[in-house]
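Take a look at the letters that make up each chain.
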Amino acid sequence: SNSSSILSTKQFKMAIVKSGKVVIILAGRHAGKKAVVIKNIEDGNDDKRFSHCLVAGIARGPRKVTRGMSKKKVEKRSRTMKPFVKYVNVRHVFPTRYQVDMDLKKAVDEADLVGDKKVEVKKTLKKIFEDKYLNQKSATSEKKAAGSNYFFQKLRF
């Protein structure tokens, strides 16, 4: 009767969470925030024995801008972004249909995610996010442009 749903949810979900994909964090202090998958560890490792992924996201988004604001003011209001970077269990992320073309692999070195170096990583991420936010028109494709547009918007629910 119900043979079509044999495909376990774990396998089904893994195919969707790829690097560059925009996801929504479902659990923890960043719940409801959007993030981009940097790296996907499917079968887990000695440290985390479950499938998880490294994500970089926005803890606090850019402030609202209107057409009447000067360029300087727009830049100032977009500097309020605060990034986060962490490992998340795949079950705690919700993959969206959007992709972004931000090169975050270079910015986030996995060895740097402990102690003081994490602060540096976040600073680099902030810079990347700000640049991307201010130059959204320069996306490689229509699809990626839609993705970055979605990524920087507040989640409405």
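Structure's up top.
Residues numbered from 1 in each chain as written. Predicted model: local features only at pLDDT ≥ 70, side-chain atom pairs only at ≥ 80, totals over all residues. Heavy atoms only, no water.

Draft legend 1. Geometry of the overall build of the protein. A count of helical and extended segments in the protein gives five helices and five strands. Counting helices and strands in the order they occur from the N terminus, the protein gives α-β-β-β-α-β-β-α-α-α. Computed over the C-alpha atoms, the radius of gyration of the protein is 17 Å, within 12% of the 15 Å expected from 2.2 N^0.38 for a compact globule of 157 residues. The dimensions of the protein, computed from C-alpha atoms along their principal axes, are 60 × 40 × 30 Å. (Helix = DSSP H or I, 4+ residues; strand = E, 2+ residues; numbered from the N terminus. Rg over C-alpha atoms; globule rule 2.2 N^0.38 Å.)

Draft legend 2. Just the sheet that holds strand β1 (residues 21-25), in detail. Across the sheet, five strands lie side by side as β4-β3-β2-β1-β5; this open sheet has antiparallel pairing. Only two strands of the sheet have a single partner each, and these edge strands are β4 (82-89) and β5 (93-99). Averaged over all pairs of adjacent strands, the angle between strand axes in this sheet comes to 35 degrees, irrespective of strand direction. In terms of strand pairing, strand β2 (residues 34-41) meets strand β3 (residues 52-60) through six bridges, oriented antiparallel. Looking across to β3, one finds that Asn40 is bridged to Cys53. (Pairing = 2+ DSSP bridges. Axes fitted to C-alpha atoms, helices over the stretch in contact; angles between N-to-C directions.)

Draft legend 3. Broad picture of the side chain of His52. Note that His52 resides in strand β3. Within polar-contact distance, the side chain of His52 engages the backbone oxygen of Phe50 at 2.7 Å. Ignoring anything within four residues of it in the chain, the contact list for His52 reads Asn40, Ile41, Gly44, Asn45, Tyr87, Val88, Asn89 and Val90. (Polar contact = N/O pair within 3.5 Å; in protein donor to acceptor, adjacent residues only side chain to side chain. Contact = heavy atoms within 4.5 Å.)

Draft legend 4. Focus on the pattern of salt bridges. According to the stated counting rule, one finds six salt bridges in the structure shown. Taking the shortest distance from any N to any O, the salt bridge between Glu130 and Lys126 comes out at 3.8 Å. In this pair, Glu130 and Lys126 both sit in helix α4 (residues 117-134), four residues apart, roughly one turn of the helix. For Glu130, a relative accessible area of 13% translates into the label buried. A relative accessible area of 27% places Lys126 in the partly exposed class. (Salt bridge = Lys/Arg side-chain N within 4 Å of Asp/Glu carboxyl O. Buried < 20%, exposed > 50% of the residue type's maximum accessible area, 1.4 Å probe, protein only.)

Draft legend 5. Representation of the pairing of β5 within the structure. Within β5, five of the seven residues are buried, leaving the element largely enclosed by the surrounding structure. With four bridges joining them, β1 and β5 adopt antiparallel strand pairing. Residue pairing across strands places Val23 opposite Pro95, the latter belonging to β5.

Draft legend 6. Geometry of a positive patch on the surface. Together, Arg29, Arg60, Lys82, Lys86 and Lys122 line one region of the surface with positive charge. With respect to the helices and strands, Lys86 occurs in strand β4. Its relative accessible area of 30% is what places Lys86 among the partly exposed residues. (Patch = residues over 30% accessible without salt bridge, like charges linked within 9 Å, V, L, I, M, F, W, Y side chains within 5 Å. Areas by Shrake-Rupley, 256 points an atom, 1.4 Å probe, with all protein chains shown as cover. Lys, Arg positive; Asp, Glu negative; His and termini not counted. Charge placed at Lys NZ, Arg CZ, Asp CG, Glu CD.)

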